[in-house]
2 protein chains.
Amino acid sequence: MKFLNDMALFVEVVKAKSFRGAADAIGMPNSTLSRRISALEKTLGLRLLHRTTRKITLTEAGQIYYERCKRIVDEAKLAQEQLSEMLTQPSGVLRASLPVDFTVTYMAPLIAEFAKLYPGIVFDFDLTSRWVDLVNEPFDVAIRIGKPENSQLIARPLAVLPTYLYASPRYLDRSGEPAEPADLANHECLGIMKADTWTLHDGINTTKISIGSRFTLNSVGMICRLATLDMGIIMMMEKIVADDIASGRLRRVLPQWRGAPVSACAITATRLLPAKTQHFIKFLKEHLGKV
Amino acid sequence: MKFLNDMALFVEVVKAKSFRGAADAIGMPNSTLSRRISALEKTLGLRLLHRTTRKITLTEAGQIYYERCKRIVDEAKLAQEQLSEMLTQPSGVLRASLPVDFTVTYMAPLIAEFAKLYPGIVFDFDLTSRWVDLVNEPFDVAIRIGKPENSQLIARPLAVLPTYLYASPRYLDRSGEPAEPADLANHECLGIMKADTWTLHDGINTTKISIGSRFTLNSVGMICRLATLDMGIIMMMEKIVADDIASGRLRRVLPQWRGAPVSACAITATRLLPAKTQHFIKFLKEHLGKV
DNA sequence: CATTAGATATGAAATTTTTGAATGACATGG
DNA sequence: CCATGTCATTCAAAAATTTCATATCTAATG
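Being a predicted model, the structure only gives us computed values, none of them experimental.

Caption draft 1: Quick look at the domain arrangement of chain A. Residues and elements named next belong to chain A. When cut into domains, chain A gives domain 1 (1-84), domain 2 (92-145 + 269-289) and domain 3 (161-262). One C-alpha centre belongs to domain 2, the other to domain 3; they are set 28 Å apart. Summing the contributions of domain 2 and of domain 3, the shared interface buries around 690 Å²; its carbon and sulfur component is 69%. In terms of surface lost to domain 3, no three residues of domain 2 exceed Asp101, Thr105 and Tyr106, which account for 63% of the buried area on that side. Here domain 2 and domain 3 share zero salt bridges between them. Taken together, domain 2 and domain 3 are joined by three residue pairs in polar contact (both at pLDDT 80 or more). It is helix H5 (residues 100-117) that provides the largest number of residues to the side of domain 2 that touches domain 3, a total of four residues.

Structure, rendered in structure tokens:
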């Protein structure tokens, strides 16, 4: 089946009723076209075209073959169009893996808006804290906080979110209010996963402190909850703790200092994305930046 | 439309559910296959396959594309089969240009037999003495006596036919019986077209004599008729004059000598012939030799 | 845990394909 | 009747693709 392309060329020649015309239409030297058709005829073992120097006419075999080829080429065009529709008209199921708390707090309103914008898209979200295996699981995209580890994957930054230190008033009463970063060494610092250092910044200086915590956990919601239960100091994005701040359950610690900003990324297995995914990522990027 | 071939490869990969398997099936290095599919995906702008190192699965787009491609490849195979049927099953209209008298005398019985052998073939014969323009006129084959002049065409020898000299008894009574070739100079020698020499052969010696005739004509039947009307000596194939010999209207002249044998050729515009033409030429070659 | 198999990447050599100019043929119009 | 422009084909040089060998990565296997 190495002559499929030549079939398309043959169709063009028949349609143009001339090699030159077809060559111009395709944008190909007519010499190539001539040779390609000859090759096709040779592999078929039959003449398809009667060539007079001035005109070409179909042979009996050519007539039959042309009918077939036309259908094939039309089918191919259809397939092409159908795919390019996938590529331009956002529709279908969008499967995404999302981090739990970030999604609930930051992304929920955006997703709602996006869903309104593209009624053709159906959503299948998996909220999880684990770094899903995009290669094996059929996710179109994963949103993660932090840097991607696997270099095979394509990561697009969506937003950079500043973080601050928070603790409950009662914890601070009990353990004392730290006055400078170094004081944190004597505090219970609740970090996500196994992060053992915090980087702080006051606009001029950057300082790294190593933190020790009795808790290792992978849930943002959970460490916030622990903080409200007076268990320690957390480094967190603003909005996540907005409610707790408003209600007084948490309060900013070391207010001149801020934590290292974390970045949210959209991660995909490939750059060749259907429209639905492209639009989703683009939308998030545009709107998350302003949050 | 430069990716038709890749579509066929894609179908193979999906069918084999593996690059290696497909590569083996096609007989192509899997590296090429891999690159080819990647290129296809790139031109489409969409991933077709989810690759895990161990397995491949279709993406949503791949699924849709595969359905289409399978149909296209199947269509192509069908077209191929249909043509190869033309190539092997003799059928259709056989358009041939034939020389008048040779066909009536020599070929008629063969054609009758051939027609019986291949009921699927319909015949469209044009009996003419002119050398038809095979390039411009849609003949599948032309049968001609003598050597082809145009080297563009493909000539296949069918048979070599000996010729002898004949004249009517009354002509010989009137003009005298030639005893040796040189005597022909004093006779009316009726030649076809503008042949101005005859080559004679007696098994040992070859002699060329130049002939002059008051007639230039292009019909074998006509010069035979002229001969029976006592107008001169002719050089002719045996069977053409068989009836005239039997009835005594003509009689052999210089019986030890024979003319240069003429060859009958099948002439086609190309070597890429449908089965009907191939079989026709083959049949003529096999049977004309025995005549 | 080491091993195997499969997909992909890479780079150099080999092969095929494409190109662009040249060629030859033919119809048209002066 | 010849000049001219058009068109298919041919050919050698250039470009692209394929191949082959090699290497890497990862999942499944034992």
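Still to come is the rest of the account.
Caption draft 2: Molecular detail of the interface of chain B and chain A. Counting residues at the interface gives 46 residues for chain B, matched by 46 residues for chain A. Summed over both sides, the interface of chain B with chain A buries roughly 4300 Å², with 66% coming from carbon and sulfur. At the junction of chain B and chain A, the tally comes to six salt bridges. In this structure, Arg68 of chain B engages Glu75 of chain A in a salt bridge whose closest nitrogen and oxygen atoms are separated by 3.7 Å. For the pair chain B and chain A, the number of links is 15 residue pairs in polar contact (both at pLDDT 80 or more). When residues of the side of chain B that touches chain A are traced back to their parent elements, those giving at least two are helix H1 (4-16), helix H3 (30-44), strand E1 (49-51), helix H4 (60-88) and strand E3 (92-98) of chain B. In terms of residues, the side of chain B that touches chain A owes the most to one element, H4 of chain B, which gives 18 residues. Tallied by class, residues from the side of chain B that touches chain A come to 25 nonpolar, nine polar and twelve charged.

Caption draft 3: Looking closely at the pairing of strand E4 (residues 121-127) of chain A. Residues and elements named next belong to chain A. One ladder, built from seven bridges, connects strand E3 (residues 92-98) with E4; its direction is parallel. In the sheet register, Leu98 faces E4, and the bridge partner there is Leu127. Taken together, E3, H5 and E4 constitute a β-α-β crossover, and its handedness is right-handed.

Caption draft 4: Focus on the nonpolar core. Judged by nonpolar contacts, the single largest core of 62 residues is most densely connected at Phe10, Leu49 and Tyr65 of chain A together with Phe10, Leu49 and Tyr65 of chain B. Mapped onto this core, the elements with two or more residues apiece are helix H1 (4-16), helix H2 (19-26), helix H3 (30-44) and helix H4 (60-88) of chain A together with H1, helix H2 (19-26), H3 and H4 of chain B. With residues near it in sequence (within four places) discarded, Phe10 of chain A still touches Ile37, Leu40, Leu48, Leu49, Leu58, Gly62, Tyr65, Tyr66 and Cys69 of chain A. Among the nonpolar cores identified, the runner-up in size contains 39 residues, and Ala96, Tyr118, Ala159 and Met237 of chain B belong to it.

Caption draft 5: The protein's contact with DNA strand C, seen in detail. Around DNA strand C, a shell composed of 16 residues is seen, among which Pro29, Arg35 and Thr53 of chain A together with Arg20 and Arg51 of chain B lie nearest. Near the protein, within 4 Å, the atoms of DNA strand C are sugar or phosphate in 67% of cases. Within the backbone of Phe19 of chain B, a nitrogen or oxygen atom sits 2.9 Å from a phosphate oxygen of DNA strand C. Within the backbone of Arg20 of chain B, an N or O atom sits 2.7 Å from a phosphate oxygen of DNA strand C. Elements represented by at least two residues in the surface near DNA strand C include exactly H3 of chain A together with H2 and H3 of chain B. With four residues, H3 of chain A is the single largest residue contributor to the surface near DNA strand C. Classifying every residue of the surface near DNA strand C gives two nonpolar, seven polar and seven charged.

Caption draft 6: Structural view of H3 of chain A. Residues and elements named next belong to chain A. Between its first and last C-alpha, H3 extends 21 Å over 15 residues, near the 21 Å set by a 1.5 Å rise per residue. Among the residues making up H3, those that are buried are Leu33, Ile37, Leu40, Glu41 and Leu44. Each buried residue of H3 lies within a common arc of 95° when the element is viewed along its axis, so the set occupies one face. For H3, the exposed residues lying more than 90 degrees away from the buried face are Lys42 and Thr43. With its phi angle positive at about 80°, Gly45 sits one or two positions after the end of H3.

Caption draft 7: Here's a closer look at the relation of the copies chain B and chain A. Screw-axis analysis of chain B against chain A gives a translation of 0.3 Å along the axis, an RMSD of 0.3 Å, and a rotation angle of 180°. Here the transformation between the copies is reduced to the relation of a two-fold axis.

Caption draft 8: Here's a closer look at the UniProt feature "domain: HTH lysR-type" (unreviewed entry) in chain A. In this structure's numbering, the residues bearing the UniProt feature "domain: HTH lysR-type" (unreviewed entry) are residues 1-59 of chain A. As annotated, residues 1-59 of chain A comprises 61% helix and 10% strand, and the C-alpha atoms at either end are separated by 22 Å.

Caption draft 9: Structural view of the state of the cysteines. Evaluation of the coordinates by the stated rule reveals zero disulfides over all chains. Cysteine Cys69 of chain A shares no disulfide, and the gap to the nearest cysteine sulfur, in Cys69 of chain B, comes to 16 Å.

How each quantity is defined
Residues numbered from 1 in each chain as written. Chains lettered and ligands numbered in written order. Predicted model: local features only at pLDDT ≥ 70, side-chain atom pairs only at ≥ 80, totals over all residues. Heavy atoms only, no water. Domains from an automatic or database assignment. Buried area = accessible area lost by both parts, 1.4 Å probe. Salt bridge = Lys/Arg side-chain N within 4 Å of Asp/Glu carboxyl O. Polar contact = N/O pair within 3.5 Å; in protein donor to acceptor, adjacent residues only side chain to side chain. Helix = DSSP H or I, 4+ residues; strand = E, 2+ residues; numbered from the N terminus. Contact = heavy atoms within 4.5 Å. Nonpolar A, V, L, I, M, F, W, Y, C, P; charged D, E, K, R; others polar. Pairing = 2+ DSSP bridges. Right-handed = clockwise from strand over helix to strand, strands pointing away. Core = buried A, V, L, I, M, F, W, Y, C linked by side-chain atoms within 4.5 Å. Buried < 20%, exposed > 50% of the residue type's maximum accessible area, 1.4 Å probe, protein only. Near = heavy atom within 4 Å. Expected span 1.5 Å × (residues − 1). Arc of directions from axis to C-beta. Least-squares fit on C-alpha atoms with pLDDT ≥ 70 in both. UniProt positions renumbered as here; feature names shortened; annotations may be inferred. Disulfide = S-S within 2.5 Å.

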